[in-house]
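Spelled out, the chains give:
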Amino acid sequence: MLYFAYLDEFGHIGPYIGRNDPAHNDSPVFGLGGMILPYTSVRHFSTWFYQLKCNLLAWEIEKSGQHPATWEKKGSALYTTMNVNKYRQVRTATNRLLKKIRDCGGHAFFVGLQKNRPVAEFNSQALYLTVLGEAMKRLNQYADQNDSDMVIVMDEHQDRDAILTRASQAMYGGPKPRRRIIEPPFQVESERYQTCQCADWLCGLYGRIGAFQARPDEWGEMSWTQTYFQDRIDAASIRSSIRLQTATTEVENVDALPEVVDTGLAQAPAAATPPED
């Protein structure tokens, strides 16, 4: 079997002080996430998501004047408190999406952590590459467990060279090469890939969940993430976690994150899919 992992960013790559800080207020977490699909389901799922998008956001698509195949709705714009609480269709579509991933033999997937480094010591690129390395480790473990291979597809990124270098190091170097990952990550234009658009939607939700879990005192209005989606995310996800609060080692060191992220965060057995909202 060959699996495709579609990844995007969630949270924010920059430093975080507090929600009311004038400069560093975007999100207390950062991570990479999306979904894993068997290659036999990719085309079917892509078509299904395209139809879901067209039905859910028909008014916006028509207003844009663009062809829906290349029109993109960012997950951060979709999963706002107002949208989720006001529009039942958004909640229902999300529940259908998570169920469809499972029905296709796939999983939701995410790796992230709460940022805790002082602004003066913060290294955004190193943080990104560290999380990427951890994501690759977990994807390789998943493929190895299933005697399969893995292809990673990501949204375009300005640090393409650094990402490809880090990925190649993980694949071919060190004591545990990621042999199940058959190529460094492919970077694509998300507006032309329905699967990548779906990963972006999921990351919009992962980012809200992480912000609420990391700082409920500051992101309390995001409690809807627990009410409507947490159980469904838990049921759909594999080898996924957001490391909160106790990430006190220097996580910008590539070798440090696996120990930090994995400690005490083993994924619980998959639960039955809850009924749709």
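Data block above holds the structure.
Being a predicted model, the structure only gives us computed values, none of them experimental.

Caption draft 1: Molecular detail of the pairing of strand 1 (residues 2-11). As paired elements, strand 1 and strand 4 (residues 149-155) share six bridges and run parallel to each other. Each bridged residue has a counterpart across the sheet, and for Leu2 the counterpart in strand 4 is Asp149. Two elements, strand 1 and strand 2 (residues 29-38), share nine bridges in a ladder whose sense is antiparallel. Looking at the pairing, Tyr3 lines up with Pro38 of strand 2.

Caption draft 2: Fine view of the pattern of salt bridges. A full pass over the atoms with the stated rule returns 13 salt bridges. Between Asp200 and Lys74 there is a salt bridge, with the nearest N and O atoms lying 4.0 Å from each other. Note that Asp200 is positioned in helix 8 (residues 194-214) and Lys74 in the loop between helix 2 (58-64) and helix 3 (75-78), a separation of 126 residues in sequence. Overall, Asp200 belongs to the buried group, its relative accessible area being 10%. One connected set of salt bridges, linked through shared partners, spans Glu72, Lys74 and Asp200.

Caption draft 3: Seen up close, the packing of aromatic side chains. Tallied over the full model, the rule gives 10 aromatic pairs. Geometrically, the ring pair formed by Phe49 and Trp201 is edge-to-face, given 4.8 Å between the ring centres and 70 degrees between the ring planes. One end of the pair, Phe49, is in helix 1 (residues 42-56); the other, Trp201, is in helix 8, with 152 residues separating them in the sequence. Assigned by exposure class, Phe49 and Trp201 land together as buried. Geometrically, the ring pair formed by Trp224 and Phe229 is edge-to-face, given 6.1 Å between the ring centres and 90 degrees between the ring planes. On the basis of relative accessibility, which here comes to 3%, the residue Trp224 falls in the buried class. For Phe229, a relative accessible area of 0% gives the class buried. Through pairs of rings, three or more aromatic residues link up here, namely Tyr79, Trp224, Tyr228 and Phe229.

What counts and what doesn't
Residues numbered from 1 in each chain as written. Predicted model: local features only at pLDDT ≥ 70, side-chain atom pairs only at ≥ 80, totals over all residues. Heavy atoms only, no water. Pairing = 2+ DSSP bridges. Helix = DSSP H or I, 4+ residues; strand = E, 2+ residues; numbered from the N terminus. Salt bridge = Lys/Arg side-chain N within 4 Å of Asp/Glu carboxyl O. Buried < 20%, exposed > 50% of the residue type's maximum accessible area, 1.4 Å probe, protein only. Phe/Tyr/Trp six-rings, centres within 6.5 Å; stacked < 30°, edge-to-face > 60°.

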